[in-house]
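The chain contents come next:
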Amino acid sequence: MKKNLFNVLTLLVLASALLSACAGAAPATPVEKVKVVIFVGMGTGTDPDQVDAQNKLAEKFNSTHDNIEIEFLIVPHEEYATRYLAMLSGGNAPQLVGPNGISSVAEFFDTWEDITPYIEAEKLDLSDFYGPAVALNQYPDKNTGLPLGLYPSYLYYNKDLFDAAGLDYPTHDFEDKSWNMDKLREVAMQLTVDKNGKNATDADFDPENIVQYGYDDSWDGMRGTLADWGAENVGRPTTSDYKTAVADSPEWIQGLQWVSDGVWKDHFIGSAEVQAGRDSAGVDPFGPGTTGMFYSHTWYLAEGLHDLTFSADIAPYPYNPKGERIARIDADNFTIPKDAKNKQQAWEVMKWLTSPEIIVDVCRIYGCIPARKSVQAKFLEQLKTDYPGIDYDVIFKSIDYLDKPNNEEWIPEWGKIEDALNNGLSLIYSGEEKDATKVLTDSNAEVQKILDEYWASH
Amino acid sequence: MQSSLKPSRLSLARRESLWAYAFIAPWILGFIIFTVGPMLASLFFSFTEYDVVSSPRWIGLKNYTNLIHDELFWHSLSITFRYAAIALPLGLVFSYLIAVLLNQKIRGINIWRTVYFLPSVIAGVAVALLWSRIFDARSGILNPFLAQLGIKGPGWFSDPDWAIPALVIMSLWGVGGNIIIYLAGLQGVPTDLYDAAKVDGATAWQRFRYVTLPMTTPVIFYNLVLGLIGTFQYFTEVYVISSGNSGTGGGLGGPARSTLFYNIYLYQNAFRYFHMGYASTMAWVLFIIVLGFTLLIFRSSDTWVYYEGQLKGR
């Protein structure tokens, strides 16, 4: 028994010695990487091609970083609000959210971290970013994120339809003030054609059987539709203190009446029925080749300007009746939720995504213009490869005419007011009400009521 | 060995009860954790201002009083009532008539029964997408069909006046579940009652009116209660159809708020406006409304539901 015990103890001692010796030679335990989850779905980024590109981007990051690992969490756009709120309330906030448009930044405004302390701690130089891009992320009480990209707006036009109608293409000269809303209406009517080939200026034009429309701006809501008409508060339906509704400004009424007449009197804009048909068929307004001019942003480059069966180009948005040119803009960033864990690592990833070395790749995924001046030449070369034959100057020059206050920027009760205004727009497009004054007077009263309720409890 | 033969100190009935509780325990636990718990939480939230981001703040009955002054609350309630007033009776009658037809002894009846039941197993999202294409005024198949009859089809989901009728028509697509229940009820009617009625000279209509209908009132009652609850919970189809609306279509609940059902407005308050407390209040008010109507139906059932073998007053 004693002998057995001795043998066992000897074996144990030997085993311990062996293990100790091996321990010294064993490789060091790898440092555990901190995971940064990037929530995608608030805006663009969920198309299959984009998902693949984002996964490749994640591989690129993960292979070059030892301490942080990123993962793109793709959420269907229609579920973004419920999923994001569920993650927040479950104490499982993603580390980064993006790409966020100005509207989704506004929609969840209170949930974002202020990144000012991070910028100040590192004395990060923001001078390479376009000024408007920085400004669009800067709110009185917080900076929501480093700028990623800008989405200026302009007209996409179908050259084949212009040729068929014997019309000159819209001017690309930003100084040409004859290119105004009246001229746009005139051209759009000539591009609107019924099944008999008559255009909307012909006396025997058949508005019941239109096969081709002159103009479309159906991808935007009321604020975006009317931001370019030169109202004092531009794209904001309230005064600067957010206490008084100004959605019934003369400029907005004039703009909405122009739209209403465009749909119901001059027939160059498709009604809600036309828009619904496109929505249910899953086609965009421009791609099928039955719209002469489509007012949209650079995101349409990535989403629609591929495989067109016709020749297309882009032109500046016209001057408004006040003789000003305003071309609404959108901007993307990545934001850090206040409740996220590992915010410092999230900040590192945000910096990487917006760094001069990576920002062009990221913007190519999402269709935005990189917010850094230093990469403009590189991006332009890329544009020429991806979208040959369009006037790239229009894209960059349009940035100078952005709407400020922006049509998507934060206001109190952002979603509620947005819905109230868009209800007014749908009254016009559905034909329930064609008088813009009536619609905007009612909408303004509703917005004022919402503001009053908000301020009563804040 | 000996111990297994020992008589248990528990009676058979007691042991069976314990086993029964053991077997239903997972369900009860699930019910408490996933249903009762959230219900109580939402009851608490209904007395608070809660935006998910900040902690809930107790505001007493303010959400309930605000509801009374909220025009959209009343609007959404009226939309839901209007839909229920048309879709519920129409669905009950339509499915009953189909069930009566499917209760006939004809060749291939099982195939017909399958055909009528199949649509009800398709998920609501798929149904909504399918019907949004059918109803599409420009490229759908319904309006060209109406045009053949000389009728100009409306814009359906893009026309505020026609959105509700379109949803009502769409709801008839899913009556297969009702049909199966009616069919079971119809097949349970004793044949000797029909034989007796025939001997007494009753016509087909009289047999239906005085035998079939009274004998199937329990299943009509059942379908009515479930249909009422389902109608007031109507959400998925409208969400799918109107969430695709761009700004020009008025977004969720559009066009022109014509499909702003109660649950859509509740959803907007919870997940778009971040008024989770207010949305909880709406959920409890809906619960009370549905409970009220259900109790009303139960109370009225004494006068129109006939249970075979039931003694009055018991």
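Conventions and cut-offs
Starting from 1, residues in each chain are numbered consecutively following that chain's sequence as written. Written order determines the labels here, with chains lettered from A and ligands numbered from 1. Only residues with pLDDT of at least 70 get local features here, since the model is predicted, and only at 80 or more are side-chain atom pairs given and counted; chain-wide, interface and lining totals rely on the full set of residues. For helices the rule is a DSSP run of H or I covering at least 4 residues; for strands it is a run of E covering at least 2, with both sets numbered from the N terminus onward. A residue is called partly exposed when the number of other C-beta atoms within 10 Å of its own lies between 12 and 20, exposed at 12 or fewer, and buried at 20 or more, with C-beta atoms placed from the backbone. Remark: residues whose backbone-derived C-beta atoms lie within 7 Å of one another are considered to be in contact. Computation of the radius of gyration draws on C-alpha atoms, with the globule rule given as 2.2 Å multiplied by the number of residues to the power 0.38. What marks off one domain from the next here is an automatic or database domain assignment. Gly falls in the polar group here, along with every residue not listed as nonpolar (Ala, Val, Leu, Ile, Met, Phe, Trp, Tyr, Cys, Pro) or charged (Asp, Glu, Lys, Arg). The arc refers to the directions leading from the helix axis to the C-beta atoms. One bridge is not enough; two strands pair if DSSP finds at least two bridges between them. As a rule, the C-alpha atoms of each element are fitted with a line to give its axis, helices using only the stretch in contact, and angles between N-to-C directions run from 0 to 180 degrees. Angle categories: roughly parallel below 35 degrees, roughly antiparallel above 145, roughly perpendicular from 65 to 115, and oblique for all the rest. Handedness of a helix crossing follows the sense of rotation of the near helix relative to the far helix, less than a right angle counterclockwise being left-handed and clockwise being right-handed. We call a set of buried Ala, Val, Leu, Ile, Met, Phe, Trp, Tyr and Cys residues a nonpolar core when their C-beta atoms link them within 7 Å. The predictor attaches a confidence to each residue, called pLDDT, with possible values from 0 through 100.

**Some thoughts on the overall build of chain A**
Then step 1. Secondary structure assignment for chain A yields 18 helices and twelve strands.
Then step 2. Taking the principal axes of its C-alpha atoms as reference, chain A extends roughly 120 × 55 × 45 Å.
Then step 3. Counting all 458 residues of chain A, 49% fall into the buried class.
Then step 4. When contacts within chain A are restricted to residue pairs at least 6 apart in sequence, those whose partners lie at least 24 apart make up 76%.

**Observations concerning the overall build of chain B**
Then step 1. A count of helices and strands for chain B gives 15 helices and two strands.
Then step 2. Relative to the globule expectation of 20 Å for 314 residues, the C-alpha radius of gyration of chain B, 25 Å, shows a markedly less compact shape.
Then step 3. With the C-alpha coordinates aligned to their principal axes, the bounding extent of chain B is approximately 70 × 65 × 45 Å.
Then step 4. Taken across its 314 residues, chain B has 31% of its residues classed as buried.

**Here we look at the domain arrangement of chain B**
Then step 1. Domain boundaries assigned for chain B yield domain 1 (2-45) and domain 2 (65-304).
Then step 2. Between the C-alpha centres of domain 1 of chain B and domain 2 of chain B there is a distance of 37 Å.

**Describing the interface of chain A and chain B**
Then step 1. Of the residues lining the interface, 34 residues belong to chain A; the matching set on chain B comes to 29 residues.
Then step 2. Of all the secondary structure elements, the ones that give two or more residues to the side of chain A that touches chain B are helix 3 (80-89), helix 11 (272-281) and helix 17 (414-430) of chain A.
Then step 3. Per-class residue counts for the side of chain A that touches chain B are twelve nonpolar, 13 polar and nine charged.

**Some remarks on helix 8 (residues 163-171) of chain B**
All names here are of chain B.
Then step 1. The set of residues buried in helix 8 consists of Ala163, Ala166, Leu167, Met170 and Ser171. Down the axis of helix 8, the buried side of the element spans an arc of 140°, and every buried residue falls inside it.
Then step 2. Of the surrounding secondary structure, the elements contacted by the buried residues of helix 8 are helix 4 (71-101), helix 6 (124-134) and helix 13 (236-243).

**Some thoughts on the domain arrangement of chain A**
Residues and elements named next belong to chain A.
Then step 1. Looking at the assigned domains, one finds that chain A contains domain 1 (34-151 + 330-401) and domain 2 (152-328 + 409-456).
Then step 2. Each partner contributes residues to the interface: domain 1 has 22 residues there, and domain 2 has 23 residues.
Then step 3. Taken together, the elements giving at least two residues each to the side of domain 1 that touches domain 2 come down to helix 4 (102-107), strand 6 (147-158) and helix 16 (392-398).
Then step 4. With four residues, the single largest contributor to the side of domain 1 that touches domain 2 is helix 16.
Then step 5. Partitioning the side of domain 1 that touches domain 2 into residue classes produces 15 nonpolar, three polar and four charged.

**Regarding the environment of Ser355(A)**
Then step 1. Topologically, Ser355(A) is positioned in the loop between helix 13 (343-353) and helix 14 (359-366).
Then step 2. Measuring from C-alpha to C-alpha, the distance between Ser355(A) and Arg372(A) comes to 8.5 Å, with 17 residues separating the pair along the chain.

**Topic: the pairing of strand 11 (residues 329-335) of chain A**
Residue and element names in this part refer to chain A.
Then step 1. Among the seven residues in strand 11, seven count as buried, and that is most of the element.
Then step 2. Here strand 6 pairs with strand 11 via five bridges, running antiparallel. Residue pairing across strands places proline 147 opposite asparagine 333, the latter belonging to strand 11.

**What about the packing of helix 10 (residues 191-199) of chain B against helix 11 (residues 204-215) of chain B?**
All names here are of chain B.
Then step 1. In contact at an axis separation of 10 Å, helix 10 and helix 11 are set at 135° when each is read in the N-to-C sense. Taken together, helix 10 and helix 11 sit at an angle that is classed as oblique. In the packing of helix 10 onto helix 11, the handedness of the crossing is right-handed. For the pair helix 10 and helix 11, the contacting residues are Leu193, Tyr194 and Ala197 in the first and Gln206, Arg207 and Val211 in the second.
Then step 2. A breakdown of the residues in the contact of helix 10 with helix 11 according to their chemical character gives four nonpolar, one polar and one charged.

**Here we look at the packing of helix 4 of chain B against helix 8 of chain B**
Residue and element names in this part refer to chain B.
Then step 1. Interaxial distance between helix 4 and helix 8 falls to 10 Å at its minimum, and their mutual angle equals 30°. With respect to each other, helix 4 and helix 8 are oriented roughly parallel. Crossing angle aside, the handedness with which helix 4 passes helix 8 is right-handed. Contact with helix 4, carried on its side by Arg82, Tyr83, Ile86, Ala87, Leu90 and Gly91, involves Ile164, Leu167, Val168 and Ser171 of helix 8 and no other residues of that element.
Then step 2. Its residues placed into classes, the contact of helix 4 with helix 8 shows seven nonpolar, two polar and one charged.

**Let's talk about the nonpolar core**
Across soluble globular proteins, nonpolar side chains show a tendency to be buried alongside one another.
Then step 1. Leu96(A), Leu150(A), Leu155(A), Leu256(A) and Met350(A) are the most contacted members of the largest nonpolar core, which has 159 residues in total.
Then step 2. Top contributing element to this core by residue count: helix 17 of chain A, with eight residues.
Then step 3. Those residues in contact with Leu256(A) that sit more than four places away from it in its chain are Leu226(A), Ile428(A), Ala436(A), Val439(A) and Leu440(A).
Then step 4. Membership of the second largest hydrophobic core comes to eleven residues, among which are Leu102(B), Tyr182(B), Leu183(B) and Leu224(B).

**Quick word on the environment of Val187(A)**
Then step 1. One can find Val187(A) in helix 8 (residues 181-191).
Then step 2. When sequence neighbours within four positions are dropped, the list of residues in contact with Val187(A) reads Leu167(A) and Gly214(A).

**A word on the confidence of the model for chain B**
Then step 1. Within chain B, residue pLDDT values average 91, and 94% of them lie at 70 or more.
Then step 2. If you check the scores for this complex, the pTM reads 0.87 and the ipTM reads 0.86.

**Topic: the confidence of the model for chain A**
Then step 1. A residue-level look at chain A finds 93% of positions with pLDDT of 70 or above and a mean pLDDT of 91.
Then step 2. The low-confidence segment residues 16-26 of chain A (pLDDT under 50) makes zero contacts with residues lying over four places distant or belonging to another chain.

**A word on unusual backbone geometry**
Then step 1. Omega for the bond connecting Gly98(A) with Pro99(A) falls within 30 degrees of zero, at -5°, which places this linkage in the cis form.
Then step 2. Within the element layout of this structure, Pro99(A) appears in strand 3 (residues 96-100).
Then step 3. A positive phi angle, close to 65°, is found at Tyr242(A), a residue other than glycine.
Then step 4. Here Tyr242(A) is to be found in the loop between helix 9 (222-226) and helix 10 (250-264).
Then step 5. Accessibility expressed as a C-beta count within 10 Å gives 17 for Tyr242(A), which makes it partly exposed.
Then step 6. With a phi angle near 75°, Val52(B) is a residue other than glycine that sits in the positive phi range.
Then step 7. Its location among the elements puts Val52(B) in the loop between strand 1 (48-49) and strand 2 (57-58).

**Considering the pairing of strand 3 of chain A**
Residue and element names in this part refer to chain A.
Then step 1. With five of its five residues buried, strand 3 lies for the most part within the structure.
Then step 2. One ladder, built from two bridges, connects strand 1 (residues 34-40) with strand 3; its direction is parallel. When the bridges of strand 3 are listed, phenylalanine 39 appears paired with valine 97.

**Notes on the environment of Cys363(A)**
Residues and elements named next belong to chain A.
Then step 1. In this structure, cysteine 363 sits in helix 14.
Then step 2. Sequence spacing of cysteine 363 and lysine 183 is 180 residues, and the spatial spacing of their C-alpha atoms is 34 Å.
Then step 3. Not counting residues within four places of it along the chain, the set of residues in contact with cysteine 363 comprises Leu148, Gly149, Cys368, Ile369, Pro370 and Phe379.

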